[in-house]
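# Commentary on secondary and tertiary structure
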Amino acid sequence: MELCTILQPECTTCATPGSKKKVLELISDLVAAQYPTLSSQEVFESLLAREKMGSTGIGNGIAIPHGRLTTIDHPIAIFVKCEEAIPFDAIDKQPVDILFALLVPADQCQQHLSTLSSMAQKLSDKQVLKQLRKIHDSTELYQVITQ
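Residues numbered from 1 in each chain as written. Predicted model: local features only at pLDDT ≥ 70, side-chain atom pairs only at ≥ 80, totals over all residues. Heavy atoms only, no water.

What follows is about the overall build of the protein. Scanning the protein from N- to C-terminus turns up five helices and six strands. For the protein, the α and β elements follow one another from N to C terminus as β-α-α-β-β-β-β-β-α-α-α. Over its C-alpha trace the protein gives a radius of gyration of 14 Å, about what one expects of a compact globule, namely 15 Å for 147 residues. Across the protein, contacts joining residues at least 24 apart in sequence account for 68% of those joining residues at least 6 apart. On the protein, roughly 7300 Å² of surface is accessible, and the fraction owed to carbon and sulfur atoms is 51%. Side chains of the protein carry 13 positive and 17 negative charges; the gap between the two charge centres is 8 Å. (Helix = DSSP H or I, 4+ residues; strand = E, 2+ residues; numbered from the N terminus. Rg over C-alpha atoms; globule rule 2.2 N^0.38 Å. Contact = heavy atoms within 4.5 Å. Areas by Shrake-Rupley, 256 points an atom, 1.4 Å probe, with all protein chains shown as cover. Lys, Arg positive; Asp, Glu negative; His and termini not counted. Charge placed at Lys NZ, Arg CZ, Asp CG, Glu CD.)

Dropping the structure here:
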């Protein structure tokens, strides 16, 4: 699946959220603003439920928060670059500044896993990460992550 089919430019942003809770709220607010049938609280609770099972901070300053929703019929992606890294309980204990969040329909587990895997692979490319970390503009961020 092409990333540009599930990630809208309006769901890509550079921000300074300050904490794990605030970045999850920011992600939830971005989704709710683009998808009026979803509530910010519903999205936040889905992401938080997954975080309670274990941090989605995969190391190297990257987190891939994700959740399942019964109220959607297609995946929704959100990409956030934090201007200042935030504590995220990542597996390497390092703060996080790159977040790719994914919301999927509750009945699409396999697609969920393959999308998360392909994004983790893309973000493991040191050149891509270096380029993303230099960007301070949401439009440019979207262009680089979807290329």
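Next, the rest of the story.
With that settled, consider the packing of helix α1 (residues 20–34) against helix α2 (residues 40–53). Close contact between α1 and α2 brings their axes to 8 Å; oriented N to C, the two are set at 140°. As the angle between them shows, α1 and α2 are arranged oblique. In terms of crossing hand, the pair formed by α1 and α2 is right-handed. Residues Lys20, Lys21, Leu24, Glu25, Ile27, Ser28, Asp29, Val31 and Ala32 of α1 pack against Ser40, Val43, Phe44, Leu47, Leu48 and Glu51 of α2. Of the residues belonging to the contact of α1 with α2, the class tally is eight nonpolar, two polar and five charged. (Axes fitted to C-alpha atoms, helices over the stretch in contact; angles between N-to-C directions. Parallel < 35°, antiparallel > 145°, perpendicular 65-115°, else oblique. Left-handed = near helix turned anticlockwise from the far one by under 90°. Nonpolar A, V, L, I, M, F, W, Y, C, P; charged D, E, K, R; others polar.)

Another aspect to go through is the pattern of salt bridges. For the structure shown, the criterion picks out five salt bridges. Between Lys20 and Glu51 there is a salt bridge, with the nearest N and O atoms lying 2.9 Å from each other. With Lys20 in helix α1 and Glu51 in helix α2, the pair connects residues that are 31 residues apart, well separated along the chain. On the basis of relative accessible area, Lys20 is assigned to the buried category, the value being 16%. Residue class for Glu51 comes out buried when judged on its relative accessible area of 8%. In this structure, a network of salt bridges that share partners links the residues Lys20, Glu51 and Asp89. (Salt bridge = Lys/Arg side-chain N within 4 Å of Asp/Glu carboxyl O. Buried < 20%, exposed > 50% of the residue type's maximum accessible area, 1.4 Å probe, protein only.)

Before going further, it helps to examine the nonpolar core. If you look at the biggest cluster of nonpolar residues, it comprises 49 residues, and the most contacted ones within it are Ile78, Phe79, Val80, Phe100, Leu103, Leu123 and Leu132. In terms of residue count, the dominant contributor to this core is strand β6 (residues 96–105) (eight residues). (Core = buried A, V, L, I, M, F, W, Y, C linked by side-chain atoms within 4.5 Å.)

A few words on the environment of Arg133. Inspection of the secondary structure assignment puts Arg133 in helix α4 (residues 126–134). Its relative accessible area of 29% is what places Arg133 among the partly exposed residues. Between the alpha carbons of Arg133 and Ala33 there is a distance of 25 Å; along the sequence they are 100 residues apart. Discounting chain neighbours no more than four positions away, the residues touching Arg133 are Asn60, Gly61, Lys81, Asp97 and Ile98. At a separation of 2.8 Å, a polar atom in the side chain of Arg133 contacts the main-chain carbonyl oxygen of Asn60. (Polar contact = N/O pair within 3.5 Å; in protein donor to acceptor, adjacent residues only side chain to side chain.)

Scanning all chains against the criterion turns up zero disulfides. Looking at Cys11, it has no disulfide partner, and the nearest cysteine sulfur is the one in Cys4, 14 Å off. Unpaired in terms of disulfides, Cys14 finds its nearest cysteine sulfur in Cys82, a separation of 9.5 Å. Given the relative accessible area of 16%, Cys14 is considered buried. (Disulfide = S-S within 2.5 Å.)

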